[in-house]
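The chain contents come next:
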Amino acid sequence: MTQPVTSFSKALKITPKLGEKLEKLGLYDDQDILLHIPLRYEDETRITPVADVRAGVFAQVQVRVVEHTVQFRGRRQLVVTTVDDADDILVLRFMNFYGTQLAAFRPNALIRVQGEARHGHQGLEMVHPRYQAVSDATPVSEHLTPVYPTTEGLSQGAWRKLMARALACVALPEVLPRQIIEPSWPSLFDAVQLLHAPPPEVNPSALTERDHPAWARIKFEELLAQQLSLTKAKLKRRAERAPVLEAGTDLLAQFTAQLPFKMTGAQSRAWQQILADTRRTNPMHRLLQGDVGSGKTVIAALACAQCVAAGKQAAVMAPTEILAEQLFEKLNGWFAPLGIHVAWLASSVKKSAKTQVYAALTAGEVQILVGTHALIQDAVQFYDLGLAVIDEQHRFGVAQRLALRHKMQTSVQAQIAPQFDAPHQLMMSATPIPRTLALSYFADLDVAVLDELPPGRTPIVTKLIDMQRRADVVDKIAQQVAKGEQAYWVCPLIEESETLELQTAIDTHQALQTALPHVNVGLVHGKLNPADKRAVMAQFVAGEVQVLVATTVIEVGVDVPNASWMVIEHAERFGLSQLHQLRGRVGRGALHSTCVLLFDKPLSATAKARLKIMYESTDGFAIAREDLRLRGPGEFLGARQSGLPLLRFADLEKDLALLELARDAAAWLLKHDEAAAQAHLQRWLGQRGHFLSA
Ligand code: ADP
Ligand code: MG
């Protein structure tokens, strides 16, 4: 992307220094400034009696100074004791102050103070509030005071002045045709003006709750830009060319014949959808979504078989080495007997072995390549890539997924005769996408769902047990192991310190080994080198290790059917989907499985809510819905999606109706008024890039 250039009109009086700060906020021109909508408002239209001031809530008070003192608490600070008309006391505290400030706080001075109070040593206090000297006749503000998202060195006062200039001299002409705008909504300029300077008659809660028509207009504008951008990406993809994976059905028949099980109805349906996709001339872009243990791997294998039968190579990428290794074992186990060459690639593979894989891949001898991020390194050149499979797709960033797809352009075939734009892409995830996200960020994705678990699974029983009874749990594990079963023991998540987390895992391992002398207790953690990690996993799979102590590295997708117990220590520290994924490690075979969530008191309200959901439900969809409710969609998308312009104004949970309107409007615009669509995109996205689709 080219370096964006700022262009502000002279009338706004933007100095180069201010311009830099605006640029930091992603604001490049006059319109961007007007569209910089306040985050929230402070109500300076009224004076709150000190008795009604609440800790943590913004308030404006009017008080008289009783006295001020300079105190030393480690450093110098100014403490001003004040009272209001009702003689209720409020303390103001300033850590940095100038001598000149003291004059304002002479005894009996009347001041108006704005800020958030907290509980201090002497009752309620405000730290570094704003204040002005006033007289009894000084009027209060007539409208709510906007608070802008900002950056260091750009004060709210500066914002208010800048916005006043912008409102006075920047035009914001309508670019959208009237018929897609709800009649009850204001024009864009009126909406913007109202939000920057709300007149006194506006209901403050309609502003803070963002359900005023002016907000509806702004949110619709934003969602429309997103929908237009996504729809265009989708149309572009539709125009791309991919190789048709048309093949004889021999290989598929052989593959299916050797499977040790019959596919579920859901698996067959998903496979039919994928098969149809790969027979088209434009690239498949499909997400296979299915709860942990629903059997996504075999679908991926079928797609690989289809690709290989068509004479092309398939790439299968997973986010961690343990996961990739498991995929490799499984695929190789299925394909090697059919004479198909499956190769393994990860950063831990020795240089000489790597060089061999590279050469065999470029020569077209390797038919399926399975591995980690190592697949997207520059040295990797395919002969003729036809399919890219990405497991646990939500754990990859957009750039990584694009890099794998790009391997088609660098393949030998493409260099000889470039015919195609992209390989077929199959993404897999156990994390269901909520409807609002499916309509927005993931709108450019076709979805196939595995909504049925393979038969013969016994439901997992979840137990919530107080940490105080941990010893009983250890006894129970000893009994189960004596019966020939296996267990995972997950150590607590310690977000603040990786070292501490590691130490806890080592200690837990030692303690369990001591408590269970006749049991082989293994240990895996993030700091273990991949070869050792693999060795321990292999011992666990073989049943030589009966209890596996692990930090959270026991990954999604690890498949050991004989492991029927899962203990999670300090379960209250884990997120919902993390718990669900961990619990999905058991219940994979015919054994009765149990997941013990050990919790420590006291529990926060959220932790309690999470544990309750885990206790009540094993349905990944229901759990994901709750997760979204507890965390909000921003976090759901995750930091990994960084670089993705998130919605600033619309709230995907609350604004589903607006989102649907925007989707329909986008379709209409692209059909009937391409120019307006273009102008709208330019206004809202301009130099900020576009809403990348996942
Ligand atoms: P996930 O969707 O979590 O990746 P896997 O593909 O690892 O699930 O499948 C979980 C387990 O279920 C594996 O042991 C797999 O062999 C088995 N499995 C998959 N499909 C079926 C089926 N139709 N019937 C019986 N077992 C199956
Ligand atoms: Mg899997």
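Notes on the structure follow. (Residues numbered from 1 in each chain as written. Chains lettered and ligands numbered in written order. Predicted model: local features only at pLDDT ≥ 70, side-chain atom pairs only at ≥ 80, totals over all residues. Heavy atoms only, no water.)

## Notes on the environment of His341
Among the secondary structure elements, His341 is positioned in the loop between helix 11 (321-335) and strand 11 (342-345). Measuring from C-alpha to C-alpha, the distance between His341 and Arg130 comes to 71 Å, with 211 residues separating the pair along the chain. His341 has contacts with Glu365, Val366, Gln367 and Ile368, leaving out every residue within four places of it along the chain. There is a polar contact of 3.5 Å between the side chain of His341 and the backbone oxygen of Glu365. (Helix = DSSP H or I, 4+ residues; strand = E, 2+ residues; numbered from the N terminus. Contact = heavy atoms within 4.5 Å. Polar contact = N/O pair within 3.5 Å; in protein donor to acceptor, adjacent residues only side chain to side chain.)

## As for a nonpolar patch on the surface
A surface patch of nonpolar side chains, amounting to about 190 Å² of accessible area, comprises Val447, Val449 and Phe621. Within the secondary structure, Val447 is located in strand 15 (residues 446-450). Residue Val447 is classed as partly exposed on the basis of its relative accessible area, which comes to 34%. (Patch = residues over 30% accessible without salt bridge, like charges linked within 9 Å, V, L, I, M, F, W, Y side chains within 5 Å. Areas by Shrake-Rupley, 256 points an atom, 1.4 Å probe, with all protein chains shown as cover. Salt bridge = Lys/Arg side-chain N within 4 Å of Asp/Glu carboxyl O. Buried < 20%, exposed > 50% of the residue type's maximum accessible area, 1.4 Å probe, protein only.)

## Structural notes on the pairing of strand 17 (residues 486-490)
Most of strand 17 sits out of view: five of its five residues are buried. Both faces of strand 17 are covered, namely the face carrying Gln486, Tyr488 and Val490 and the face carrying Ala487 and Trp489. Pairing of strand 17 with strand 20 (residues 563-568), which is carried by five bridges, proceeds in the parallel orientation. Within strand 20, the position partnered with Gln486 by the bridge is Ala563. Here strand 17 pairs with strand 19 (residues 547-550) via four bridges, running parallel. Each bridged residue has a counterpart across the sheet, and for Val490 the counterpart in strand 19 is Ala550. (Pairing = 2+ DSSP bridges.)

## A short note on helix 8 (residues 250-258)
Of all the positions in helix 8, only Leu251, Leu252 and Phe255 are classed as buried. Projected down its long axis, helix 8 shows its buried positions confined to an angular sector of 100 degrees, all on one face. Set apart from the buried face of helix 8 by more than 90 degrees, the exposed residues are Asp250 and Ala257. For helix 8, the secondary structure elements touched by its buried residues are helix 9 (265-278), helix 10 (296-309) and helix 11. (Arc of directions from axis to C-beta.)

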